[in-house]
Amino acid sequence: MEKAKIQGMTCQHCVMSVTKALSSIPGLTNLRVNLVKGEATFENPHNVSPEKIRKTIEDAGYKGVE
């Protein structure tokens, strides 16, 4: 499992927004977004770049942290 830290999520609606955004990336599987931990966990068998994942999080209105 890989992780992406996310800043700016404050509620369950935020979790749904980030989940929807990351779900749009082909190749990410078993996606889970955790509000309390401020992170997304996922499997990345197609080696989607961290930059693409971070940009997708930021395009959804949140801050992707490396």
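First, a word on scope: everything that follows refers to the structure included in this document. (Residues numbered from 1 in each chain as written. Predicted model: local features only at pLDDT ≥ 70, side-chain atom pairs only at ≥ 80, totals over all residues. Heavy atoms only, no water.)

Attention now moves to the nonpolar core. Inside soluble globular proteins, nonpolar side chains tend to come together where they are buried. Grouped together as the largest cluster of nonpolar side chains are 17 residues, with contacts concentrated most on Ile6, Met9, Leu22 and Ile53. Going through the elements one at a time, β1 (2-7), α1 (12-23), β2 (29-34), β3 (39-43) and α2 (50-59) are the ones with two or more residues in this core. Broken down by element, the residue count for this core peaks at 4 residues, all from α1. Apart from the residues within four sequence positions on either side, Ile6 is in contact with Val18, Val33, Gly38, Glu39, Ala40, Ile57, Tyr62 and Lys63. (Core = buried A, V, L, I, M, F, W, Y, C linked by side-chain atoms within 4.5 Å. Buried < 20%, exposed > 50% of the residue type's maximum accessible area, 1.4 Å probe, protein only. Helix = DSSP H or I, 4+ residues; strand = E, 2+ residues; numbered from the N terminus. Contact = heavy atoms within 4.5 Å.)

Think of it this way: side chains of opposite charge can pair up when their charged atoms draw near. Scanning the model with the defined rule gives 2 salt bridges in all. A salt bridge links Glu39 to Lys5, with the shortest nitrogen-to-oxygen separation between them at 3.7 Å. With Glu39 in strand β3 and Lys5 in strand β1, the pair connects residues that are 34 residues apart, well separated along the chain. Overall, Glu39 belongs to the buried group, its relative accessible area being 7%. For Lys5, a relative accessible area of 39% translates into the label partly exposed. Measuring nitrogen to oxygen at the nearest pair gives 2.9 Å for the salt bridge that ties Lys55 to Asp59. Note that Lys55 and Asp59 are positioned in helix α2 at a spacing of 4 residues, about one turn of the helix. (Salt bridge = Lys/Arg side-chain N within 4 Å of Asp/Glu carboxyl O.)

Read across the open sheet, the 4 strands follow the order β2-β3-β1-β4; overall the sheet is antiparallel. Each edge of the sheet is formed by a strand with only one pairing partner; in this case those strands are β2 and β4 (63-65). Adjacent strand axes in the sheet meet at a mean angle of 25° when their direction is disregarded. Across 4 bridges, the pairing between β1 and β3 is antiparallel. Residue Lys5 lies in a different strand from β3, and its bridge partner there is Glu39. Contacts from α1 reach β1, β2 and β3 within the one sheet, and its direction differs from that of β2 by about 155°. Contacts from α2 reach β1, β3 and β4, with the element oriented near 155° to β4. (Pairing = 2+ DSSP bridges. Axes fitted to C-alpha atoms, helices over the stretch in contact; angles between N-to-C directions.)

With that settled, consider the layout of surface pockets. Over the atoms, a rolled probe matching the size of one water molecule traces out where space is still vacant. Volume-wise, the largest pocket comes out at about 160 Å³. Secondary-structure elements contributing two or more residues to the lining of the largest pocket are β1, α2 and β4. Residues belonging to the lining of the largest pocket are distributed by class as follows: 7 nonpolar, 2 polar and 5 charged. (1 Å grid on protein atoms, 1.4 Å probe; cavity = no way out; pocket = protein on both sides within 12 Å on 5 of 7 lines; lining within 4 Å. Points joined across faces, edges and corners; volume = space filled by probe spheres on them. Nonpolar A, V, L, I, M, F, W, Y, C, P; charged D, E, K, R; others polar.)

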